[in-house]
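# Analysis of the macromolecular model
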Amino acid sequence: MTTLSSGFARARRWLREHPLAFDATLAFCTLVAMICSSFTDPGDGHGPPAFGARTPELFSVLLMTLTAAALVLRRRRPMQVLAVTAALAAVEYVLMDPPAPVVMSTVIALYTVASRTDRPTTWRVGLLTMGGLTAAAMVFGSTPWYSQENFGVFAWTGLASAAGDAVRSRRAFVDAIRERAERAERTREEEARRRVAEERLRIARDLHDVVAHHIALVNVQAGVAAHVMDKRPDQAKEALAHVRDASRSALNELRVTVGLLRQQGDPEAPTEPAPGLAVLGELVTTFRNAGLPVEVACADRDRLPAAVDLAAYRVIQEALTNVRKHAGAGAKAEVSVVRVGATAEVTVLDNGRGSAGRHPGTGPADGPPGDGDGLDSGGHGLVGMRERVTALGGALTAGPRYGGGFRVHAILPVEARTGEPERPGTAGGTGLRR
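Treat the numbers as computed from the prediction; the structure is a model and nothing was measured.

The rules we used
- Each chain carries its own residue numbering, running from 1 in the written order of its sequence.
- In view of the model being predicted, local features appear only for residues whose pLDDT reaches at least 70, and side-chain atom pairs are presented and counted only at 80 or more, with totals across whole chains, interfaces and linings using the full set of residues.
- Note that water and hydrogens are dropped before the side-chain values are worked out from all heavy atoms of the structure.
- What we call a nonpolar core is a set of buried Ala, Val, Leu, Ile, Met, Phe, Trp, Tyr and Cys residues that are connected through their side-chain atoms within 4.5 Å.
- Partly exposed residues are those whose accessible area sits between 20% and 50% of the maximum for their type, while under 20% is buried and over 50% is exposed, using a 1.4 Å probe and protein chains only.
- Runs of H or I in DSSP of at least four residues are treated as helices and runs of E of at least two as strands, each being numbered from the N terminus.
- A pair of strands is considered paired only if DSSP assigns at least 2 bridges between the two.
- Note on definitions: angles span 0 to 180 degrees between N-to-C directions of axes, and those axes are lines fitted to C-alpha atoms, for helices only across the stretch in contact.
- pLDDT measures the predictor's confidence residue by residue and takes values from 0 up to 100.
- Any two residues whose heavy atoms approach within 4.5 Å at even a single point are treated as in contact.
- The span you would expect from a helix comes to 1.5 Å times its residue count less one.
- Summarising the geometry, the arc corresponds to the directions from the helix axis toward the C-beta atoms.
- Between 65 and 115 degrees an angle is taken as roughly perpendicular, under 35 as roughly parallel, over 145 as roughly antiparallel, and anywhere else as oblique.
- In a left-handed crossing the near helix is turned counterclockwise from the far helix by less than a right angle, and in a right-handed crossing that turn is clockwise.
- Gly is placed with the polar residues, together with every amino acid not listed as nonpolar (Ala, Val, Leu, Ile, Met, Phe, Trp, Tyr, Cys and Pro) or charged (Asp, Glu, Lys and Arg).

Ranked by size, the top nonpolar core spans 41 residues in total, and within it V294, I316, L320, V346, V408 and L412 carry the most contacts. Sort the elements by how many residues they give to this core and helix 10 (residues 306–326) lands first, with 9 residues. Ranked by size, the runner-up nonpolar core spans 15 residues in total, among them L63, A68, A100 and A136.

What follows concerns the sheet that holds strand 5 (residues 343–350). Working definition: the strands of a sheet are paired by backbone hydrogen bonds and lie parallel or antiparallel to each other. Across the sheet, 5 strands lie side by side as 3-4-5-7-6; this open sheet has mixed pairing. Each edge of the open sheet carries a strand with a single partner, namely strand 3 (294–298) and strand 6 (395–400). Across the sheet, the axes of successive neighbouring strands diverge by a mean angle of 10 degrees, strand direction being ignored. Taken together, the 5 bridges between strand 3 and strand 4 (residues 333–340) define a ladder with parallel strand orientation. Each bridged residue has a counterpart across the sheet, and for V296 the counterpart in strand 4 is V335.

Let's shift gears to the pairing of strand 6. Looking at chain direction, strand 6 and strand 7 (residues 406–413) are connected through 6 bridges and run antiparallel. Bridging across to strand 7, T397 finds its partner in H409.

What follows deals with the pairing of strand 4. Note on strand geometry: in a regular strand, side chains alternate between the two faces of the sheet. By the bridge criterion, 8 bridges tie strand 4 to strand 5 in an arrangement that is antiparallel. The residue bridging A333 from the neighbouring strand is D350, located in strand 5. Linkage of strand 4 to strand 5, two consecutive antiparallel strands, is achieved through a turn of 2 residues, within which G341 is found at a positive phi near 65 degrees.

The predicted model of the protein has a mean per-residue pLDDT of 76, with 77% of residues at 70 or higher. Below a pLDDT of 50 lies the segment residues 418–434, which in the model reaches 55 contacts outside its immediate sequence neighbourhood of four places, other chains included.

Its 13 residues give helix 3 (residues 58–70) an end-to-end C-alpha distance of 19 Å, which sits within 8% of 18 Å, the value for a rise of 1.5 Å per residue. Taken together, the buried positions of helix 3 are S60, L63, M64, T67, A68 and A70. End-on view of helix 3: buried residues confined to an arc of 160 degrees, all on one side of the axis. The inward-facing, buried residues of helix 3 contact helix 2 (19–38), helix 4 (78–95) and helix 5 (103–116).

Along helix 9 (residues 280–289), the positions that sit buried rather than exposed are L280, L283, V284 and F287. Viewed along the axis of helix 9, the buried residues span an arc of 95 degrees, placing them on a single side of the element. Count one or two residues on from helix 9 and you reach G291, which has phi positive near 95 degrees.

What follows concerns the packing of helix 3 against helix 4. Packing of helix 3 against helix 4 brings their axes to within 9 Å, and their N-to-C directions diverge by 165 degrees. On the basis of their axis angle, the class for helix 3 and helix 4 is roughly antiparallel. Both helix 3 and helix 4 take part in a crossing whose hand is left-handed. Between helix 3 and helix 4, the contacting residues are F59, S60, L63, L66, T67 and A70 on the first element and V81, V84, T85, L88, V91, E92 and L95 on the second. Tallied by class, residues from the contact of helix 3 with helix 4 come to 9 nonpolar, 3 polar and 1 charged.

Have a look at this one:
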């Protein structure tokens, strides 16, 4: 039984892959069925049909062969095949008595038309075929018009139209389900790729903020230590202690960020929370130790949502890092975080004179050696801040101040809308790249 079913499945698959061979086989089987039926006399309806009671005429055999041969092209020319088979069946009813079952080919052709066209066409063509053949059988046949053979023609042609329409509807339904499934799969894949891209950008921004800030401080303190090593060893030791603290902080923050990339089953990642305005004092202290005076005015720092709190911290961190690298010697910075209605405004001001890396083309920085060697020279500072702010639905402006210095201003909605696509012009007005 298993061998028989597998052989049948292989044959069915082969015929499905070779439709012309399937149609040729169907045409041959239809011809055999028509010839066998032409030898059968249905009788008067009171007894069983008698096989061999009559012999088909040569003309009827010719018509049956022609209609069966036309079925080979039923997929390529369905309407033409239906017209040919219906016309030959009508000729059989008009000229031969009793007629041979040439109408079998017409039934198959009508089914093909109904399964491959729309419903209005099926109704029109089906009614025309049923009416024409039934009328020919009733008018030109020797049997009474109400005989079962005449109503059989009507019934079989109507059944072919209904079956073909049902098959077409089922195919359309299955295709629609398959299309929806494929569309849903594509949507899931696109959503997954989008989320992966957003996560990569977020991690890249965090890494940039952490590394740029701490390495810039290490660079400054190392330069100070090297400068005063011989004359003031105590100050050099203090600078090296700041280098050690900054490097330890960088390692800790990097460990937290990289821990997000671990897979399930990896060692447990650190549980240290993401930095925010609650540790803004520690951040400002590192800059003050690096020689940058910073004044802070921050209100409601503990009432901001987590995403907004982190974004505000990163904006301040990046802005102060660039002040230290580019503002030049003697620069001072001011930081303010205030709530204005449903938004939080973060502002970082400086009075520096240096300009290299902040608005290109205006001259070199006048800071100490090594100030311009930070990680921000690739142009990702303002880009990262802008992406972080606009991802929450906020706005960022940055540019030189009137009379000297630089200003970074971020407006963050208290209700964060993370994952929202960047809207054109949200952070416009800067025109700058770090």
